[in-house]
Amino acid sequence: MKELLSYWDLSLGLIAVGIGSFLQYKRRIYEKKRDNEILRKGESLFKYSRYMDDRHAHYWHGLLIFLGVAFIYSRIKGNMPNIIDFIEYCVTH
């Protein structure tokens, strides 16, 4: 059973990369539509609140992609223990 669970890290990493990429793609589509609507209204594109909202979203999507890649790399190189053991360790300590 332990060997079977050890391969979950690769699939979790791929899922994290896929979800992060998908969310980033959807966010970029939303930003283009929003910017086009703002330009049609004649308003300025440069507002601090919009900048911070975009920055926050890009940060979390990028972090999700990075963590997925880190899980995959660590499992391939063997530096990181099984993610199931790591989560159990974090919860119990």
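1. Notes on helix H2 (residues 8–41)
Taking 1.5 Å per residue as the helical rise, H2 with its 34 residues ought to reach 50 Å, and the 49 Å between its terminal C-alpha atoms agrees with that figure. For H2, every residue scored as buried is listed here: Asp9, Gly13, Ala16, Gly20, Gln24, Arg27, Glu31, Arg34 and Ile38.

2. Considering the pattern of salt bridges
Under the definition given, this model contains five salt bridges. Put simply, Arg27 and Asp54 hold a salt bridge, and the shortest N to O gap is 2.8 Å. Residue Arg27 is found in helix H2, and its partner Asp54 is found in helix H3 (residues 48–77); the two are separated by 27 residues along the sequence. Asp35 is the salt-bridge partner of Arg34, the closest N and O atoms lying 3.6 Å from each other. Its relative accessible area of 13% is what places Arg34 among the buried residues.

3. Topic: H3
Residues three or four positions apart in an α-helix share a direction because the helix packs 3.6 residues into each turn. A rise of 1.5 Å per residue sets the reference length of H3, with its 30 residues, at 44 Å; its end C-alpha atoms lie 42 Å apart and thus fit the reference within 8%. Residues of H3 that are buried include every one of Arg50, Asp54, Ala57, His61, Gly68, Ile72 and Ser74, and no others. Buried-residue contacts for H3 involve H2. Following H3 by one or two positions, Gly78 has its phi on the positive side, about 85°.

4. Focus on the confidence of the model for the protein chain
Per-residue confidence for the protein chain gives a mean pLDDT of 82, with 86% of residues at or over 70. Element-level pLDDT for the protein chain is lowest in helix H1 (residues 2–6), with a mean of 52, against a maximum mean of 89 in H2.

5. Notes on the side chain of Gln24
Within the secondary structure, Gln24 sits in helix H2. If we ignore the near neighbours within four places in the chain, the residues touching Gln24 are Ala57, His58 and His61.

Conventions used here
- Residues numbered from 1 in each chain as written.
- Predicted model: local features only at pLDDT ≥ 70, side-chain atom pairs only at ≥ 80, totals over all residues.
- Heavy atoms only, no water.
- Helix = DSSP H or I, 4+ residues; strand = E, 2+ residues; numbered from the N terminus.
- Expected span 1.5 Å × (residues − 1).
- Buried < 20%, exposed > 50% of the residue type's maximum accessible area, 1.4 Å probe, protein only.
- Salt bridge = Lys/Arg side-chain N within 4 Å of Asp/Glu carboxyl O.
- Contact = heavy atoms within 4.5 Å.
- pLDDT = per-residue confidence, 0-100.

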